[in-house]
Amino acid sequence: MQSRKQDVIRFALSGVVALGLAAVVLPTIAAEQLASRTVAGVDPAELQKMMELNSRPKSIPFPEDNPYSAEKAELGKMLFFDPRLSGANLISCASCHNPSFGWEDGQPTGAGHGMNRLGRHTPTILNLAWGELFMWDGRMDSLEEQALGPIQAGVEMAQPLDELIAELQGIEGYPVLFEAAFPGEEISGDTIGMAIATYERTVVSNRAPFDLWIDGDENAISESAKRGFVVYNTTANCVSCHSGWNMTDDSFHDIGLASDDVGRAAEMNDMPEFKHAFKTPGLRNIVQRAPYMHDGSLATLSEVIDHYADGFAQRPSLSDEMKPFKLSAAEKQDLIAFLETLTSDDDPVEIPILPN
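Predicted model only: the values in this text are computed from it and were never measured. (Residues numbered from 1 in each chain as written. Predicted model: local features only at pLDDT ≥ 70, side-chain atom pairs only at ≥ 80, totals over all residues. Heavy atoms only, no water.)

### Here's the deal with the overall build of the protein
At step 1: Along the protein, the regular secondary structure elements total 13 helices and four strands.
At step 2: Put simply, the protein has 356 residues, and 51% of those count as buried.
At step 3: Long-range contacts, defined as pairs at least 24 residues apart, comprise 69% of the intrachain contacts of the protein with a sequence gap of at least 6.
At step 4: Put simply, the protein shows about 16100 Å² of open surface, and 55% of that area lies on carbon and sulfur atoms. (Helix = DSSP H or I, 4+ residues; strand = E, 2+ residues; numbered from the N terminus. Buried < 20%, exposed > 50% of the residue type's maximum accessible area, 1.4 Å probe, protein only. Contact = heavy atoms within 4.5 Å. Areas by Shrake-Rupley, 256 points an atom, 1.4 Å probe, with all protein chains shown as cover.)

### Some remarks on helix α11 (residues 223-233)
At step 1: The element α11 is extensively covered by neighbouring structure, given that nine of its eleven residues are classed as buried.
At step 2: The elements touched by buried residues of α11 are α3 (44-52), α10 (209-214) and α13 (329-340).

### Some points on the environment of Val-230
At step 1: On the secondary structure map, Val-230 appears in helix α11.
At step 2: Judged by relative accessible area, which is 12%, Val-230 ranks as buried.
At step 3: Residues Val-230 and Leu-335, 105 residues apart in the sequence, show an inter-C-alpha distance of 8.4 Å.
At step 4: Apart from residues no more than four positions distant in its own chain, Val-230 is found in contact with Val-39, Val-42, Leu-47 and Met-50.

### Some thoughts on the packing of α11 against α13
At step 1: Between α11 and α13, whose axes approach to 7 Å, the crossing angle comes to 100°. It follows that α11 is roughly perpendicular to α13 by the angle criterion. Facing Ser-224, Ala-225, Arg-227, Gly-228, Phe-229, Val-231 and Tyr-232 of α11, the residues of α13 in contact are Glu-331, Gln-333, Asp-334, Leu-335, Ala-337, Phe-338 and Leu-339.
At step 2: Among the residues making up the contact of α11 with α13, the classes are represented as eight nonpolar, three polar and three charged. (Axes fitted to C-alpha atoms, helices over the stretch in contact; angles between N-to-C directions. Parallel < 35°, antiparallel > 145°, perpendicular 65-115°, else oblique. Nonpolar A, V, L, I, M, F, W, Y, C, P; charged D, E, K, R; others polar.)

### Topic: the nonpolar core
At step 1: Counting 38 residues, the largest nonpolar core has Leu-75, Leu-79, Phe-80, Leu-168, Tyr-174, Phe-178 and Ile-192 as its most contacted members.
At step 2: Every element with two or more residues in this core is listed here: α4 (70-80), α5 (93-96), α6 (143-152), α7 (161-169), α8 (174-181) and α9 (189-201).
At step 3: Counting residues per element, this core draws most heavily on α9, at six residues.
At step 4: For Phe-178, the contacting residues outside a window of four places in its chain are Leu-75, Leu-79, Leu-168, Pro-183, Ile-187, Thr-191 and Ile-192.
At step 5: Tyr-292, Val-304, Ala-309 and Leu-335 belong to the second-largest nonpolar core, a separate cluster that totals 37 residues. (Core = buried A, V, L, I, M, F, W, Y, C linked by side-chain atoms within 4.5 Å.)

### Observations concerning the packing of aromatic side chains
At step 1: A full pass over the atoms with the stated rule returns 14 aromatic pairs.
At step 2: Look at Phe-62 and Tyr-68: their rings are 5.3 Å apart centre to centre, the planes differ by 55°, and that puts the pair in the tilted class.
At step 3: Since its relative accessible area comes to 1%, Phe-62 is described here as buried. (Phe/Tyr/Trp six-rings, centres within 6.5 Å; stacked < 30°, edge-to-face > 60°.)

### Some thoughts on the side chain of Arg-56
At step 1: For Arg-56, the position within the fold is in the loop between α3 and β2 (59-61).
At step 2: Within the structure, the side chain of Arg-56 is placed 2.7 Å from the backbone oxygen of Ser-205, a separation counted as a polar contact.
At step 3: Only 3.2 Å separates the side chain of Arg-56 from the backbone oxygen of Asn-206, close enough to count as a polar contact. (Polar contact = N/O pair within 3.5 Å; in protein donor to acceptor, adjacent residues only side chain to side chain.)

In structure tokens form, the structure reads like this:
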């Protein structure tokens, strides 16, 4: 009971309440409040439009066929941190999605079964409750499906699902937890995926300095960061792909990285427009999540900005949003200052005691 109460407290602290709703209700910011905000040299009306698009949601969306319950989230957290979900009993979901690294792993590309290097950077699970398609190439339609993919993949966790089910059934404690989360149902691939997905949906970034500024605290971020917000929305045009409160359009773009990886095209019958296209990542807690890009090829935010400014490969599939731009040294620093305000002071994650 205490752990469930703490879960509710965590949601409240993050500005989100887990209501199990199928839709997100956005808070309203008074128009007169936004109209009173200023950034030097910017039309207040234009600034108001920019700010109105970045209000945090009030609730976490849970699907109707997998509604939230504290028992389900508790079970999902245990499974997420349990290395016995891997064939070698050495790798857990948290091995790659580490809360200390913004729910990534701090490496250019992930490491899988046998410590073999994978071909892509580990994406964050932060704020995935608002996601639409999952994995860098969008090959998973739901978090439930995504949760089971790496477990079964031979290059990742290398655990056949039937063997995992038998293993969990034989661990004293897990059958009890599954019965509490899914009364009358057996341990199955579906219930494993649903539990992990429920926990992952509760992984939500707390309110960041940027959110406090949007809410009206003029001292929450620096003047440099405020100017950077304008650069983000205008000259650099980051907002064309990194839009909304989580700074992602949940779509797929070829951003001109020099890579042989065809990305989304492999899932779309090699359609030319999806060649080298990858999912737009959200930017929350971005300073914790270096290195960057689907291949981990850029080490710093400064390098990322340089790539977008004029460092991308020209090819037919290049996204229409990829247009060269020029920033002064001061504007570039302002943009980085803004991106830094997207990182929140999140609650420490307690590692669960696992059943034996």
